[in-house]
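A structural walkthrough
Here are the chains, one letter per residue:
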Amino acid sequence: MICRRLLLSIPSSVCIHSPRWLQPCRRCASSLQKLKTGQQRCLSQSAVYSQSQQVQTSEDLKSSEPKYFVKDDILPFSAFLTDTFGRQHNYLRISLSEKCNLRCQYCMPEEGVDLTPNDNLLSTEEIVRLSKLFVQQGVDKIRLTGGEPLVRKDVIEVVEELGKLDGLKAIGMTTNGIALARKLPKLQAAGLNQLNISLDTLVPQKFEFVTRRKGFSHVMRGIDTALDLGFNPLKINCVVMRGLNEDEINDFVEFTKDKPIEVRFIEYMPFDGNRWNDKKMFGYQEMMSVIQKRWPDFTPLKDEPNATAKIYRVPGYRGQVGFIASMTKPFCGTCNRVRLTADGNLKVCLFGASEVSLRDAMREGQNDEELLQVIGAAVGRKKKQHAGMFNIAKMKNRPMILIGG
């Protein structure tokens, strides 16, 4: 094993051809200087194994290797985005705005939130700079969130700039869909290729109760527009809350019958101001029971690497159904995500209160190498798993709208 201190001292990787793994082999010696300046990854095909507190032998790794550890036939991944448990973070979620044109009960406190002054939010140039830095280190997927990302006036420009980054394979967005139909054609032309729409009910009157606003018809129009433009699968995020919308679970499943839609049922999660309690939470197993009573042949599909959702399909249906069981069946062991808040703070865990300001670091004049040191230190402090739903409910954290979904 290579110690964490050594990993953090070399921006991308280290060569493992040397028996002691602490000196570069002849193949990599000429590249050592470039490695130290963060300009180039190791040219050798190797694997980076990070450790927590203790040294393991290669034989130990073979016998107890979790599925998220890098295999030895994969090119090295940035040490700055690899935590002490070997998790590689190639997925960046960026909140573009703290503002939203809805007031969903599970996301925003009823009394609203204190918004950050505009001058303290990340500019387009700062978002692009940080995105470029993350992509250079191995991030290949970026998702734009909010608040509501479509309320940001330059959202199309942001997508266009992200689309120019070499190595970025996916640009996604999570939106409430209110303004989607009007803006989606230009967003797709700019490079947006993945889309999630938040919709917690198929009943117009209930929509107004859940969101404290009107707009159901606008969301449905946005869904139709996305399907017409070929987004496949189009993902619909539905937070399930007992006494509110668990009676619509089968209606959402039926919604996948003739459309390339993936409905994603999300367990109700605790955040500041959303009045979470366990009695409101309708868990993954309960959802499954409801669905299997109607469709006994409800079939699981193969999980993708680092997937947050367990995927199922009703045989013969065009779409599929996912379950994000963050509370009852957490997936911390394969987490590959970090978050950037609208005010420029890096959060390495959705449920953790720990944050570090990349905005301040940039505005203090730190160069990219210094920014990488800040990022690497934050990722290196990421915990093995979240604290559990009852402990999370007692912890201080941001409201969901100020984190970014």
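Note that the structure is predicted; figures quoted are calculated from it, not measured.

**So, the pairing of strand E9 (residues 320-324)**
Here E9 lies mainly inside the structure; five of its five residues are buried. The alternating pattern of E9 places Gln320, Gly322 and Ile324 and Val321 and Phe323 on opposite faces, both of which are buried. Where strand E6 (residues 261-267) meets E9, five bridges bridge the pair, whose relative direction is parallel. Bridge pairing links Arg264 to Gly322 in E9. The sheet contact formed by strand E8 (residues 310-313) and E9 spans three bridges and is antiparallel.

**Digging into the environment of Ser131**
Inspection of the secondary structure assignment puts Ser131 in helix H5 (residues 124-136). Residue class for Ser131 comes out buried when judged on its relative accessible area of 0%. Along the backbone, Ser131 and Leu340 are 209 residues apart, and their C-alpha atoms lie at a distance of 9.8 Å. Aside from chain neighbours lying at most four places away, what touches Ser131 is Ile94, Ile142, Leu162 and Leu165.

**Concerning the packing of helix H6 (residues 155-162) against helix H7 (residues 180-190)**
Viewed as axis vectors pointing N to C, H6 and H7 meet at an angle of 20°, and their least axial separation amounts to 8 Å. Comparing their axes, H7 and H6 come out roughly parallel. As H6 runs across H7, the sense of the crossing is right-handed. Only Lys186, Leu187 and Ala190 of H7 make contact with H6, whose side of the interface consists of Val155, Ile156, Val159 and Glu160. Within the contact of H6 with H7, the residues separate by chemical class into five nonpolar, no polar and two charged.

**Points about the packing of aromatic side chains**
Counted according to the given criterion, the structure contains eight aromatic pairs. Ring centres of Phe298 and Tyr312 lie 5.0 Å apart, and the angle between their planes is 15°; on these two criteria the pair is classed as stacked. One end of the pair, Phe298, is in the loop between helix H11 (284-294) and strand E7 (299-300); the other, Tyr312, is in strand E8, and 14 residues separate them in sequence. Of the two residues, Phe298 and Tyr312, neither departs from the other in class, the shared state being buried. Consider the rings of Tyr312 and Phe323, whose centres lie 5.7 Å apart with planes at 85°: the pair is edge-to-face. Taken as a pair, Tyr312 in strand E8 and Phe323 in strand E9 lie far apart in primary sequence, eleven residues in all. For Tyr312, a relative accessible area of 12% translates into the label buried. Grouped by ring-pair contacts, the aromatic residues Phe252, Phe265, Tyr284, Phe298, Tyr312 and Phe323 constitute a single cluster. Stacked on the ring of Tyr91, the Lys or Arg Lys141 has its end atom at 4.5 Å from the ring centre.

**Considering the nonpolar core**
Generally speaking, soluble globular proteins have nonpolar side chains that are buried together. By size, the foremost hydrophobic cluster in this structure holds 94 residues, and its most contacted members are Leu195, Phe265 and Phe323. Discounting residues that sit within four places of it in the chain, Leu195 has contacts with Met173, Thr175, Leu180, Leu184, Ala226, Phe231, Pro233, Leu234 and Lys235.

**Considerations on the pairing of E8**
Inspection of the sheet shows E7 paired to E8 by two bridges, in the antiparallel sense. Looking at the pairing, Pro300 lines up with Tyr312 of E8.

**What to know about the confidence of the model for the protein chain**
Within the protein chain, residue pLDDT values average 80, and 72% of them lie at 70 or more. Counting contacts from residues 1-75, a segment whose pLDDT is below 50, to residues more than four positions away or on other chains yields 135 contacts.

Conventions used here
- Residues numbered from 1 in each chain as written.
- Predicted model: local features only at pLDDT ≥ 70, side-chain atom pairs only at ≥ 80, totals over all residues.
- Heavy atoms only, no water.
- Buried < 20%, exposed > 50% of the residue type's maximum accessible area, 1.4 Å probe, protein only.
- Helix = DSSP H or I, 4+ residues; strand = E, 2+ residues; numbered from the N terminus.
- Pairing = 2+ DSSP bridges.
- Contact = heavy atoms within 4.5 Å.
- Axes fitted to C-alpha atoms, helices over the stretch in contact; angles between N-to-C directions.
- Parallel < 35°, antiparallel > 145°, perpendicular 65-115°, else oblique.
- Left-handed = near helix turned anticlockwise from the far one by under 90°.
- Nonpolar A, V, L, I, M, F, W, Y, C, P; charged D, E, K, R; others polar.
- Phe/Tyr/Trp six-rings, centres within 6.5 Å; stacked < 30°, edge-to-face > 60°.
- Lys NZ or Arg CZ within 6 Å of the ring centre and 35° of its normal.
- Core = buried A, V, L, I, M, F, W, Y, C linked by side-chain atoms within 4.5 Å.
- pLDDT = per-residue confidence, 0-100.

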